[in-house]
Amino acid sequence: ARVQKKDSRDPNELNAHTQHLQQSKMARILLALIASASALTAPKNAAVKALVVPRGGGLVDPEVYTKVTAGVYGLYAAQFLLTPEKLSNDHFDEKTTALSTFLSRGSGLAWGAVVYGLAWG
């Protein structure tokens, strides 16, 4: 049989000690939350400096960026239109079906519309 020892301290002392531990724990949690929240916020000057570009231009001319993007999407559209089975064969263990071919060609048309919108829209 196990004998329980009685605590010789006054119950009021135990309550005060427990309250102190809880307050100390809460203070540490609050400090950790404040420290982590302040670490997540960027200084306001950093956001403003990132938006400021000298002489009003970026590193890449907008026309060049648009043409390159349209070209990449154009190649993607051509691949979908000309080789619709490539997506199924490369990424899935299933055989190409009439539905997957139809969907690939439809995606090629959608990418073609994106190219048209970028290049001439």
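The structure we're discussing is the one just above.
In this text the structure is predicted, and so the values were computed from the model without any measurement.

## Some words on the overall build of the protein
Now for step 1: Helix and strand counts for the protein stand at five helices and zero strands.
Now for step 2: Listed by position from the N terminus, the elements making up the protein come as α-α-α-α-α.
Now for step 3: Burial status across the protein gives 9% buried among its 121 residues.
Now for step 4: Considering only contacts within the protein whose residues lie at least 6 apart along the sequence, 65% involve residues at least 24 apart.

## Digging into the packing of helix α3 (residues 62–82) against helix α5 (residues 98–120)
Now for step 1: For the pair α3 and α5, interaxial distance at closest approach is 8 Å and the crossing angle is 160°. With respect to their mutual orientation, α3 and α5 come out roughly antiparallel. Crossing of α3 against α5: the hand is left-handed. Across the interface between the two elements, Thr66, Thr69, Ala70, Tyr73, Gly74, Tyr76, Ala77, Phe80 and Leu81 from α3 touch Ser104, Arg105, Ser107, Gly108, Leu109, Trp111, Gly112, Val114, Val115, Leu118 and Ala119 from α5.
Now for step 2: Residue composition of the contact of α3 with α5, by class: twelve nonpolar, seven polar and one charged.

About the cut-offs
- Residues numbered from 1 in each chain as written.
- Predicted model: local features only at pLDDT ≥ 70, side-chain atom pairs only at ≥ 80, totals over all residues.
- Heavy atoms only, no water.
- Helix = DSSP H or I, 4+ residues; strand = E, 2+ residues; numbered from the N terminus.
- Buried < 20%, exposed > 50% of the residue type's maximum accessible area, 1.4 Å probe, protein only.
- Contact = heavy atoms within 4.5 Å.
- Axes fitted to C-alpha atoms, helices over the stretch in contact; angles between N-to-C directions.
- Parallel < 35°, antiparallel > 145°, perpendicular 65-115°, else oblique.
- Left-handed = near helix turned anticlockwise from the far one by under 90°.
- Nonpolar A, V, L, I, M, F, W, Y, C, P; charged D, E, K, R; others polar.

Don't take any of this as a statement about function, it's just geometry.
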